[in-house]
Amino acid sequence: MDNKTIRKDFFRYIFANVISSIGVSIYILIDTFFISKGMGSDGLAALNLSLPVFSFLNGFGLMLGMGGGSIFSMMYCRTERSETDKVFTNAFISVGFLSVLFEVAGIFFSEQITHLLGADPAVFALSHDYLKTILLFSPAFLLNNLIVCFLRNDCAPKLAMTGILSGSLANVILDYVFIFTLGMGMKGAALATCIAPFVSLGVMSFHFLTGWNAFTFRLLHPSLSIIKDIVSLGLHAFFTEVSGGVVIFVFNFVIYHLMGNTGIAADGVIANIAIVVTAVFVGISSGVQPLMCRYHGRSADSSIKYLLRLSVITSVIVAIISYILIYSLTSPIVDVFNSSGESDMRSIAENGLRIYFLFMPFMGVNAIMSVYFSSDEKPHIAQIISLLRGTFLVIPAIFLAYLLHSIGMVWLAVPISELITTVTAFCIYVVRQRKKKTVYQNLSLTNNRELTC
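Notes on the structure in this doc start here. It should be emphasised that the depicted structure is a prediction, and the values quoted were computed from it without experimental measurement. (Residues numbered from 1 in each chain as written. Predicted model: local features only at pLDDT ≥ 70, side-chain atom pairs only at ≥ 80, totals over all residues. Heavy atoms only, no water.)

Summed over the entire model, instances satisfying the criterion amount to 4 salt bridges. A salt bridge links R12 to D9; its shortest N-O distance comes to 3.7 Å. Here the residue R12 and the residue D9 both occupy positions in helix α1 (residues 3-75), the gap between them amounting to 3 residues, near one helical turn. Its salt-bridge partner being D335, residue R346 comes within 3.2 Å of it at the nearest N-O pair. One end of the pair, R346, is in helix α12 (residues 343-356); the other, D335, is in helix α11 (residues 330-336), and 11 residues separate them in sequence. Of the residues examined, R346 reaches a relative accessible area of 27% and is grouped as partly exposed. On the accessibility criterion, D335 (35% relative accessible area) is partly exposed. (Salt bridge = Lys/Arg side-chain N within 4 Å of Asp/Glu carboxyl O. Helix = DSSP H or I, 4+ residues; strand = E, 2+ residues; numbered from the N terminus. Buried < 20%, exposed > 50% of the residue type's maximum accessible area, 1.4 Å probe, protein only.)

This is the structure in structure tokens:
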């Protein structure tokens, strides 16, 4: 396939997927804005303490969605419809199983989870109200992520985008109504967020009603081998999302002991902006994923290399532009979420924004490299990249900052971890390319000898 066609498909897919991913992240950002207006810094701190649970929900949903979507895309047009239906059905069954676990957690263990996340008496009630509501509506979030990923791989990225944006718009309207008109506080913010995926699913259901879908649910016995393959290919997405939640949890612990709830509220501003920024790179990587899987299924190595190069360049350019905007608009960004005008919170948040977001160019490259290795059916390498950037490097760096009592080092922990991971991923890629080249040369030499004989 010529590069012009690849480039056209690339920008068409990533545009729709970036908008979709931002739409998902805006659920939380909208809550942050309205909660900051309605409940001040205590509300922000309570929301930030609840974010790790949201990361786990998104992580499991994306794991099944991207893993199942990858297999579906590789099989697309190469196998019977019944086989693609098996993939979707097993992913759907897995969503059902996880939904039960989250429901049980919400009904019986929400208070314990709120304590575990570090809520002190000042913010416990607010944090618990938000967290319990999110857990009780977990099936909607899981299913929404699953359907979005399958639609992207079923040549319907625009419908997926429309569904997500519809949910985000509903969230904006309902947040205002529930928090300010009805005075429902944190429960209202959570309820608005929980209704949004139902709106999104309703819009995306047109894909099935019109008969455009190349996958559907069938009454089948679960297949552990198919579920294992789905999880294996989607695990890097799980690690990426969940590691973000783990990092927020560790950040909350360290910042609380260094600066109290004011520090957590300031970190809440940074964390929520980071969710949106991360969504941009998730959108680029998830947008290129169906194309990489498709070309891998056709053994089109040159197309994959061009697509990889195009993705990396695009993500770096987007990262540079985003950082310039964040650096230039630091004060206005913080003021949006600092309705009470607290000077300590403003100072901490502004300093953190300028340092923390240095991670962006490296995070973009790492997200794309994870998708590249997963599409190349090397999920273990994708998982290593996700674990390095999300857990193995960043958590020790944060605790080192805690031991040094340096808030500046806390903000630097993520950029340094992402940089080291980028170097590691690049080295793995170079080594693999050299091995492939050697194999091709040996095969070519063997074939020439056979022809000579």
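Turning to the packing of helix α13 (residues 360-375) against helix α14 (residues 379-392), a few remarks are in order. One can describe the packing of α13 onto α14 by two numbers: an axis separation of 7 Å at closest approach and a directional angle of 160°. Judged by the angle between their axes, α13 and α14 are roughly antiparallel. Crossing angle aside, the handedness with which α13 passes α14 is left-handed. Touching M363, N366, M369, S370, F373 and S374 of α13 are P379, I381, A382, I385, S386 and R389, all from α14. (Axes fitted to C-alpha atoms, helices over the stretch in contact; angles between N-to-C directions. Parallel < 35°, antiparallel > 145°, perpendicular 65-115°, else oblique. Left-handed = near helix turned anticlockwise from the far one by under 90°. Contact = heavy atoms within 4.5 Å.)

The next thing to look at is the nonpolar core. Core analysis: the largest hydrophobic core is formed by 73 residues, its most contacted members being F251, Y356, F357, M360, M369 and W411. For this core, the leading source of residues is helix α9 (residues 224-297), giving 21 residues. Setting aside residues up to four positions removed in sequence, Y356 forms contacts with F251, I270, A274, W411, V414 and P415. In this structure, F102, I147, I179 and L233 belong to the second largest nonpolar core, which totals 63 residues. (Core = buried A, V, L, I, M, F, W, Y, C linked by side-chain atoms within 4.5 Å.)

It is worth spelling out the environment of I355 at this point. Counting through the fold element by element, I355 comes out in helix α12. It is 34 Å that separates the C-alpha atoms of I355 and R432, two residues lying 77 residues apart in sequence. Leave out the neighbours within four places in its chain, and I355 touches G408, W411, L412 and P415.

A few words now on the packing of α14 against helix α15 (residues 394-404). Put simply, α14 and α15 touch, their axes get as near as 5 Å, and they point 15° apart. As the angle between them shows, α14 and α15 are arranged roughly parallel. Note on element contacts: α15 touches α14 through V394, I395 and P396, opposite L388, R389, G390, T391 and F392.

This brings us to unusual backbone geometry. Here H405, not a glycine, exhibits a phi torsion of approximately 55°, which is positive. Structurally, H405 can be placed in the loop between α15 and α16 (407-452).

Turning our eyes to something else, we now look at empty space enclosed by the protein. Taking a probe equal in size to a water molecule and rolling it over the atoms shows the remaining empty space. For the structure on display, the rule yields 3 cavities of 30 Å³ or more. What the largest cavity holds in volume is close to 670 Å³. Lining the largest cavity are 38 residues, with E241, G244, A274, I275 and T278 sitting closest to its centre. Elements that contribute at least two residues to the lining of the largest cavity include exactly α1, α5 (138-153), α9, α14 and α16. No other element matches α9, which puts 16 residues into the lining of the largest cavity. Partitioning the lining of the largest cavity into residue classes produces 21 nonpolar, 12 polar and 5 charged. Size it by volume and the second largest cavity reaches roughly 110 Å³. (1 Å grid on protein atoms, 1.4 Å probe; cavity = no way out; pocket = protein on both sides within 12 Å on 5 of 7 lines; lining within 4 Å. Points joined across faces, edges and corners; volume = space filled by probe spheres on them. Nonpolar A, V, L, I, M, F, W, Y, C, P; charged D, E, K, R; others polar.)

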